[in-house]
Amino acid sequence: MADPDLIRRCPRCGTANRVPADKAHRRARCGRCGTPLETGPTRPLSATEGSFDTDVLRSPLPVLVDCWAAWCGPCRALEPVIEALAERYAGRVRVVKVDVDDSPGIASRYGVQGIPALLFFSDGRLVDRMVGLQPRQAIEERLEQVLAGANRST
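This is a predicted model, so every value here is computed, not measured.

Moving on to the side chain of N17. When you line up the elements, N17 lands in strand β2 (residues 16-19). Polar contacts involving the side chain of N17 include one to the main-chain amide nitrogen of G31, which spans 2.9 Å. Ignoring any residue separated from it by four or fewer positions in sequence, one finds N17 in contact with L6, I7, R8, C10, R29, C30, G31 and L37.

Turning next to the environment of L61. By the element assignment, L61 lies in the loop between α1 (52-57) and β6 (63-68). For the pair L61 and R94, spaced 33 residues apart in the sequence, the C-alpha separation amounts to 6.2 Å.

For the coordinates displayed, the defined rule picks out seven salt bridges. When the shortest N-O distance is used, the salt bridge between R142 and D128 registers 3.4 Å. Taken together, the residues R142 in helix α4 (residues 136-152) and D128 in strand β9 (residues 125-131) connect sequence positions 14 residues apart. Salt bridges sharing common partners tie together R88, R136 and E140.

Conventions adopted
Each chain has its residues counted from 1, following the order in which its sequence is written. Confidence filtering applies because this is a predicted model: local features only for residues at pLDDT of at least 70, side-chain atom pairs given and counted only at 80 or more, and all residues used for totals across whole chains, interfaces and linings. The side-chain figures draw on all heavy atoms in the structure; neither hydrogens nor water molecules are used. Each helix is a run of DSSP H or I of at least 4 residues and each strand a run of E of at least 2, with the numbering of both proceeding from the N terminus. Polar contact criterion, stated in full: a pair of N or O atoms within 3.5 Å, where within protein one must be able to donate a hydrogen and the other to accept it, and residues adjacent in sequence count only if both atoms are side-chain atoms. In what follows, a contact means two residues having at least one pair of non-hydrogen atoms within 4.5 Å. We define a salt bridge as a side-chain nitrogen of Lys or Arg found within 4 Å of a carboxyl oxygen belonging to Asp or Glu.

Shape is all these values report; function is a separate question.
As structure tokens, then:
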């Protein structure tokens with residue numbers, strides 16, 4: 001059975017674009033406005049100090065960064081929510097996980113003192129944050145605010 005096609009929303013105009021699953025590795029562009037589409041995995045990316053600038057600060061999409069640690073119970077409780085958000089917002093928001101034990105420089109750089117901490121980036125800038133275990137609805141509301149701000153700036 002063939003893999004299902006991927007539907008990716010254009011971060012610029014919002015058009016739903018069908019991307020054949022067997023061609024998701026190629027660069028795709030919106031059929032309406034030509035904006036590049038994110039066709040990568042719908043699971044959160046793992047960023048390190050070496051990849052953070054590329055994965056987050058240079059992302060063409062707004063980014064939700066989940067700062068977490070393996071030993072943190074609330075972080076583990078938030079994990080299914082983060083994975084669901086990565087799936088739901090695929091193509092509109094990049095979702096990235098940063099293990100603060102493995103990448104303490106990132107935590108220090110952005111003043112992360114408690115985890116889980118969610119950092120919201122748009123155009124390479126930190127625009128919002130949430131600390132502690134949060135309900136999915138509250139995170140989605142913040143994501144929508146970030147997306148609305150990103151759409152106004154394009």
